Amino acid sequence: MTDKSSATVPETVTADRITGLALGAVGVLAFSMSLPMTRIAVQQLDPWFVAFGRAVGAALLALAYLRFTGAPRPSRAQWRRLAVVALGVVVGFPLFTSLALTTQTSAHGAVVNTVLPAMTAVFAVLRAGERPPPAFWAAGAAGLLAVLTFLVTSGAVQGALTIADLFLLVAVVLCGLGYAEGGALSRELGGARTICWALLVSLPVTVPVTIAAAVAQPPRADTTGWTAFGYLTVISMFLGFFAWYAGLARGGIAQVGQVQLTQPVLTLGWSALLLGETVTPASIGAALVVLACVVLIQRTRASAPAPAVGKV
């Protein structure tokens, strides 16, 4: 009996790790279009409306999902943690990126977003109690350096520090907090329910701000603008988190969070396709280096304690 149990545990951990990594990659792919779509949307719509209106729309989808699945209400302690998630990913990140991208490009935003995996790992230690081994931090630093080198040499970094850069930095800090708290809470509630409840927690803030923004500047946009807003509502603010939080819960917040190292390169690719920005051949080399670092990070998983796995 003991031998059988010992033989099956490594297989289960490996399966959870692979599943978590796959789900995390789906989430990153969904989020990689967020900055270009935000840039498109705020060119025609008020940034406050974009930031809070998409949260209201996603909250309506969340309410339908929770009722359809018959989800039980969170406990009092979970409500408090959901407020932290909401502060980070429902209010903070959308608001400050929307404000920043009224004057900056999505490529520039990708530069600042490069530090998001590191912030997620830091909050995984502070909020989720994870303890990645030294090799993890070394591989993560190598991936961060690779992305920054690529962005600098590709010309994505231009000009001096501006208020938009400060907005982006605040967005990244809050997002890292929301990712880590949400990933930890997803072990108890599941990824889908975590983001759904966080969206509902935010309604007392998001609804009045959305109404005020719509009254101050009635929303008018063409098909492209509304399509971008729709993507931010359905994918960036809702479905993307189903996969992302489930991946963080299964594979470990710090480890799976480093998959975000691929996001700046993906964002530049989408910026080229959607906004006409130039992507040099160096992006291919940078992507390969970053992917190698991500693989190395996942291999360090064996020396770190396996996270508790809850609902997906």
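See the structure printed just above.
This report concerns the structure included in the present document. (Residues numbered from 1 in each chain as written. Predicted model: local features only at pLDDT ≥ 70, side-chain atom pairs only at ≥ 80, totals over all residues. Heavy atoms only, no water.)

The next subject is the overall build of the protein. Across its full length, the protein carries 14 helices and zero strands. Helices and strands in the protein line up, N terminus first, as α-α-α-α-α-α-α-α-α-α-α-α-α-α. The buried share of the protein, taken over its 312 residues, is 53%. In the protein, once contacts between residues fewer than 6 apart in sequence are set aside, the share between residues at least 24 apart is 93%. Total accessible area computed for the protein in this model is approximately 13200 Å², and 70% of it derives from carbon and sulfur atoms. (Helix = DSSP H or I, 4+ residues; strand = E, 2+ residues; numbered from the N terminus. Buried < 20%, exposed > 50% of the residue type's maximum accessible area, 1.4 Å probe, protein only. Contact = heavy atoms within 4.5 Å. Areas by Shrake-Rupley, 256 points an atom, 1.4 Å probe, with all protein chains shown as cover.)

Looking now at helix 9 (residues 191-201). Within helix 9, 10 of the 11 residues are buried, leaving the element largely enclosed by the surrounding structure. In this structure, the buried residues of helix 9 make contact with helix 3 (47-69), helix 4 (76-100), helix 8 (163-189), helix 10 (203-216) and helix 11 (223-251).

A word on the pattern of salt bridges. Applying the stated criterion across every chain, the model contains two salt bridges. For Arg81, the salt bridge goes to Glu181, with nearest N and O atoms at 3.0 Å. Here Arg81, found in helix 4, pairs with Glu181, found in helix 8; they are 100 residues apart in sequence, far enough to count as distant. According to the relative accessible area criterion, Arg81 is partly exposed, its value standing at 22%. Overall, Glu181 belongs to the buried group, its relative accessible area being 3%. (Salt bridge = Lys/Arg side-chain N within 4 Å of Asp/Glu carboxyl O.)

This part is about empty space enclosed by the protein. Throughout the structure, instances matching the rule amount to one cavity of 30 Å³ or more. Considered as a void within the structure, the largest cavity measures approximately 150 Å³ in volume. Lining the largest cavity are 16 residues, and of these Phe31, Ser34, Phe93, Tyr179 and Ser236 sit closest to its centre. Elements with a minimum of two residues in the lining of the largest cavity: helix 2 (34-42), helix 4, helix 8 and helix 11. (1 Å grid on protein atoms, 1.4 Å probe; cavity = no way out; pocket = protein on both sides within 12 Å on 5 of 7 lines; lining within 4 Å. Points joined across faces, edges and corners; volume = space filled by probe spheres on them.)

A word on the packing of aromatic side chains. Counted according to the given criterion, the structure contains 14 aromatic pairs. Measuring from ring centre to ring centre gives 6.2 Å for Phe31 and Trp244, while their planes differ by 80°; the resulting arrangement is edge-to-face. Placement of Phe31 in helix 1 (residues 2-31) and of Trp244 in helix 11 is noted, with a sequence separation of 213 residues between them. In this structure Phe31 comes out as buried when scored by relative accessible area, which is 5%. (Phe/Tyr/Trp six-rings, centres within 6.5 Å; stacked < 30°, edge-to-face > 60°.)

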